[in-house]
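# Summary of the model geometry
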Amino acid sequence: MANMSSIDLTLQIWRQRNNDALGNFEFYNLDDISTDMSFLEMLDVLNEKLTKEGKDPVAFDHDCREGICGQCGSVVNGIAHGPEKEVTLCQLHMRNFKSGDTIVIEPFRSRAFPVRKDLVVDRSALDRIVQSGGYVSVNTGGVPDGNATPIPSETAELAMDAAACIGCGACVASCPNGAAMLFTSAKISQLCLLPQGQAERKQRALSMVETMDKEGFGNCSNYKACEIVCPKSISIRNIARMNREFVTATLTEG
Amino acid sequence: MELNSHIPSGPLSEKWDNHKFANKLVNPANRRKFSVIVVGTGLAGAAASATLAEQGYKVKTFCIQDSPRRAHSIAAQGGINAAKNYQNDGDSVYRLFYDTIKGGDFRAREANVYRLAQVSNNIIDQCVAQGVPFAREYGGTLANRSFGGAQVSRTFYARGQTGQQLLLGAYSALSRQIHAGKVEMYPRREMMDLVVVDGKARGITVRNHITGEIESHSADAVLLCTGGYGNVYFLSTNAMSCNVTAAWRAHKHGAGFANPCFVQIHPTCIPVHGDYQSKLTLMSESLRNDGRVWVPKKQGDTRPPAQIPESERDYYLEGKYPSFGNLVPRDVASRNAKEQCDLNKGVGSTGLAVYLDFADAIKRDGEQTILKKYGNLFQMYEKIVDTNPVNEPMMIYPAVHYTMGGLWVDYNLMTTIPGLFALGECNFSDHGANRLGASALMQGLADGYFVVSPAVANYFGSTPIDKVTADNSEFLASRERVNNRISKILKNSDKGPKGTVTVDEVHKELGKLMWDNCGMARNKEGLKNALEALPAIKDKFWDKVYVPGSGKDLNQSLERAGRVADFLEFADVMIHDALEREESCGCHLREESQTEENEAKRDDNNYSHVSVWEHKGEDEAPVMHKEQLAFENVTPSQRSYK
């Protein structure tokens, strides 16, 4: 709550009734926005204003507002989750903007993410990637004691680095190819690094990559835009690991 | 309303095993004949869906978000308790049970809490097997840390993202069952009503958030795993879509609501700083392992923290509670923070904050060690507040966090409606009047992975269940009720916004009323005033709120309005419950009931019970029933953390 001040803004927001309708940008003026507000609180203020004016509020996805659920996310001035590094849209604060700025707000755009309304997109393709193999097939109960399988702390940390992915889809939205490889590789990496993930290691790599292609995501061509916008700093080294896993699996299983 | 807790007989440590043996089972080949609806995909819901599907039942799972992975369990930071005693520091199932019962101020059921402590160990094994990347020691064994209310290190963690990792573990198990065709997953659905046929829960009515369509779904049992109702206060640490609607609709169909006034106030949240604020952010309680809480000794001292010398700082928790120090339980820490601020010793621009200082820990262990433990929390704080906790102490203040009240359930997690189960935060059963840290994750997963499946089997094995499909008249009637309610909420939408108020404005008004009168401290007069003030806010909602748009497509204003309408009704029973409980216990401080040292004073002679409320009709006062609590293994004593 340092430097408390307020700013005046022009918002240029993508409005689209549903997936079948054509969308367009609308302009809104918003004055006296506290720089301590989060970006989503700024949108709340806009929506209260629009409601009072009898206009349709802007639909946007959000839930925890703590940067962890992965539900929020829009492209702000061309950058997924906005200009600040390593934050989700809900943790972006208005102190990153100046009075008089025009802020362009668009949904995450990708062939695999159809727009449902305004800034709300359908990211269920990411769930289907996980469903095709992003797990260890173990039923509840009848498992060994947690300490029966020692895991070096460096390995656990490396697995955790990958596991930190929140599935927000910013990587897809920022990739010129619309690739979901950062997302997919994070899950593949987490599980292939750990002893628990070994039994299904090859099958997992094959089926998750196959689902990724089937859902309409593109391929990685090393633009690295995904890593730059990732709110959880998931490294593209995971993509290299996934490629190795996939190639090994193809050569030995395929 | 009959309240039979079905606590099994026998010694405490054998109850769960005896019960499982006495329970009816369902033959594996017959399980596919039974269907189960699970509402919610947090720890309890995702774990229950996966487990029941693995066992062979047909499962339909619903969640309000766009993906089952978004449930609010994901936001839990600190850790999950288990009585593994890996640290050899004197832990045991009995000690975890004892700490939890004591931490809950002796307002929970002994048998349930003991079972929770027993299965806690299975949870860790289960999650490790799923590939949850828990923190490890250098030798490869699981690492532990300590948490408020405990003198042993029994908390397992995955950085500051334990809830996320446990939820993703459960979500992956759920995903596997979706892929296998054993679970039908319905995201972006909100449960609007329960369907009861011949006295049994047989299905739900949901609204599809994308299309606006009202859908009916039938099953042989319904599991509510819909979390807590903390958003009744408007500002809380809950995610925006946490709500009471599913539980409240069940309550209106006859499910008893237990201890609705038991709300946990979490001591380490980032303080409120503006009236536009939409939610509060919690900083993990684990920070109190190394952070020291203090305020200036002098009232109204506005100097920046660095200019206040050591001799003029009051480390009030360490002074007052020498054996637990900064790690006193949440209710004690919260109340003491409020007390300091009420004494005009609060810090920051609003005076409603205290310091949580890491300077000594950084001096002792080095910056790198502290950042390794809490780095992501420091970063989160800095993003929100714009100051770095390495250089300047954090500011914290208590906020509404977790609700210990919920639907009343018996030992089988079944509500007073046969076939309707409530799991996790949605039920009332294990935390008493206060929840210790790292025990919510434990309860959610215990219920979902280990407790509910024998309970569901027992229900199916012992209850005749007729075939019912979604074209039954009760389903039609339920859809009509839901449609009517939506039309009523949208009735002003054609008239336009002239002279009207928004949903959020009413919600804020309700939230302030509840925080001021039914919050961290309560008294009879305030509660009575709140009860009198409530109808006017309700009238304002129904007469003046303008909800734009229609019910036929994605309409987030409509979604919010429906939830606030239910919070308005629910607040009434919450205040009734707080009024009735003329004792202090856990996070619930009744100002009339304090010791001479201003500590909360419990009254075991008159209030050693669960208050269970029955809905009597729209305009009638709710009626309270009591489940008397029996303590056969522990002796309720004054909680002392000194």
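Below you will find a few notes about this structure. (Residues numbered from 1 in each chain as written. Chains lettered and ligands numbered in written order. Predicted model: local features only at pLDDT ≥ 70, side-chain atom pairs only at ≥ 80, totals over all residues. Heavy atoms only, no water.)

## With respect to the overall build of chain A
Along its length, chain A carries eight helices and seven strands. If you line up chain A on its principal axes, its C-alpha atoms span 60 × 45 × 35 Å. In chain A, the proportion of contacts linking residues at least 24 apart, taken out of those at least 6 apart, comes to 69%. Carbon and sulfur atoms make up 50% of the accessible area of chain A, which totals about 9800 Å². Measuring between centres, the 25 positive side-chain charges of chain A sit 4 Å from its 32 negative side-chain charges. (Helix = DSSP H or I, 4+ residues; strand = E, 2+ residues; numbered from the N terminus. Contact = heavy atoms within 4.5 Å. Areas by Shrake-Rupley, 256 points an atom, 1.4 Å probe, with all protein chains shown as cover. Lys, Arg positive; Asp, Glu negative; His and termini not counted. Charge placed at Lys NZ, Arg CZ, Asp CG, Glu CD.)

## Some thoughts on the packing of aromatic side chains
Residues and elements named next belong to chain B. All chains considered together, the criterion is met by 26 aromatic pairs over all chains. Centroid distance Phe 97 to Tyr 114: 5.4 Å. Interplanar angle 65°. Geometry classified as edge-to-face. In this pair, Phe 97 sits in helix H4 (residues 93–103) while Tyr 114 sits in helix H5 (residues 110–130), placing the two residues 17 residues apart along the sequence. Taking relative accessible area as the criterion, Phe 97 reaches 0% and is therefore assigned buried. (Phe/Tyr/Trp six-rings, centres within 6.5 Å; stacked < 30°, edge-to-face > 60°. Buried < 20%, exposed > 50% of the residue type's maximum accessible area, 1.4 Å probe, protein only.)

## Some details on helix H12 (residues 440–462) of chain B
All names here are of chain B. With 23 residues, H12 extends 31 Å between its outermost C-alpha atoms, agreeing within 8% with the 33 Å of an ideal straight helix rising 1.5 Å per residue. The largest bend in H12 comes to about 50°, at Val 451, with the proline Pro 454 one to four residues further on. When you tally the buried positions in H12, you get 21 out of 23 residues, the bulk of the element. (Expected span 1.5 Å × (residues − 1). Bend = angle between axes of the 7 residues up to and from the residue.)

## What about unusual backbone geometry?
Notably, A:Arg65 is not glycine yet its phi reads approximately 55°, a positive angle. Positionally, A:Arg65 belongs in the loop between helix H1 (39–52) and strand S3 (75–76). The phi dihedral of B:Asn85 falls on the positive side, at around 55°, and the residue is not glycine. Within the secondary structure, B:Asn85 sits in the loop between strand S3 (80–81) and H4. What makes B:Asn85 partly exposed here is its relative accessible area of 26%.

## Points about empty space enclosed by the protein
Under the defined criterion, the tally for this structure stands at 13 cavities of 30 Å³ or more. The volume enclosed by the second largest cavity comes to roughly 140 Å³. Contributing to the lining of the second largest cavity are 14 residues, with A:Glu41, A:His93, B:Lys279, B:Thr281 and B:Ile384 lying nearest its centre. (1 Å grid on protein atoms, 1.4 Å probe; cavity = no way out; pocket = protein on both sides within 12 Å on 5 of 7 lines; lining within 4 Å. Points joined across faces, edges and corners; volume = space filled by probe spheres on them.)

## Focus: the interface of chain B and chain A
Taken together, the contacts link 76 residues of chain B with 81 residues of chain A. Between chain B and chain A lies a buried interface of about 6700 Å² when both sides are counted; carbon and sulfur atoms form 50% of it. Counting across the chain B and chain A interface gives ten salt bridges. Among the salt bridges present, the one from B:Arg188 reaches A:Asp61, with a minimum N-O distance of 2.7 Å. Elements with a minimum of two residues in the side of chain B that touches chain A: helix H3 (43–55), H5, helix H6 (162–179), helix H11 (367–385), H12, helix H14 (503–518) and helix H16 (556–580) of chain B. Top element by residues in the side of chain B that touches chain A is H6(B). It accounts for nine residues. Here the side of chain B that touches chain A is built from residues that sort into 30 nonpolar, 28 polar and 18 charged. (Buried area = accessible area lost by both parts, 1.4 Å probe. Salt bridge = Lys/Arg side-chain N within 4 Å of Asp/Glu carboxyl O. Nonpolar A, V, L, I, M, F, W, Y, C, P; charged D, E, K, R; others polar.)

## Points about helix H9 (residues 330–342) of chain B
Residues and elements named next belong to chain B. The end-to-end C-alpha separation of H9 is 18 Å, in line with the 18 Å expected for 13 residues at 1.5 Å each. Within H9, ten of the 13 residues are buried, leaving the element largely enclosed by the surrounding structure. Three or more residues of H9 are buried, namely Arg 330, Asp 331, Val 332, Ala 333, Ser 334, Arg 335, Asn 336, Ala 337, Gln 340 and Cys 341. Looking at the residues trailing H9, positive phi occurs at Asn 344, about 65°.

## Comments concerning the packing of H3(B) against H6(B)
For any two helices packed against each other, the geometry comes down to the angle between their axes and how far apart the axes lie. Residue and element names in this part refer to chain B. Across the interface, H3 lies against H6 with an axial gap of 8 Å and an inter-helix angle of 35°. Considering only the axes of H3 and H6, their crossing is left-handed. Of the residues in H6, those touching H3 at Leu 43, Ala 46, Ala 47, Ser 49, Ala 50, Ala 53 and Glu 54 are Leu 166, Leu 167, Ala 170, Tyr 171, Ala 173, Leu 174, Arg 176 and Gln 177. Looking at side-chain class alone, the contact of H3 with H6 contains eleven nonpolar, two polar and two charged residues. (Axes fitted to C-alpha atoms, helices over the stretch in contact; angles between N-to-C directions. Left-handed = near helix turned anticlockwise from the far one by under 90°.)

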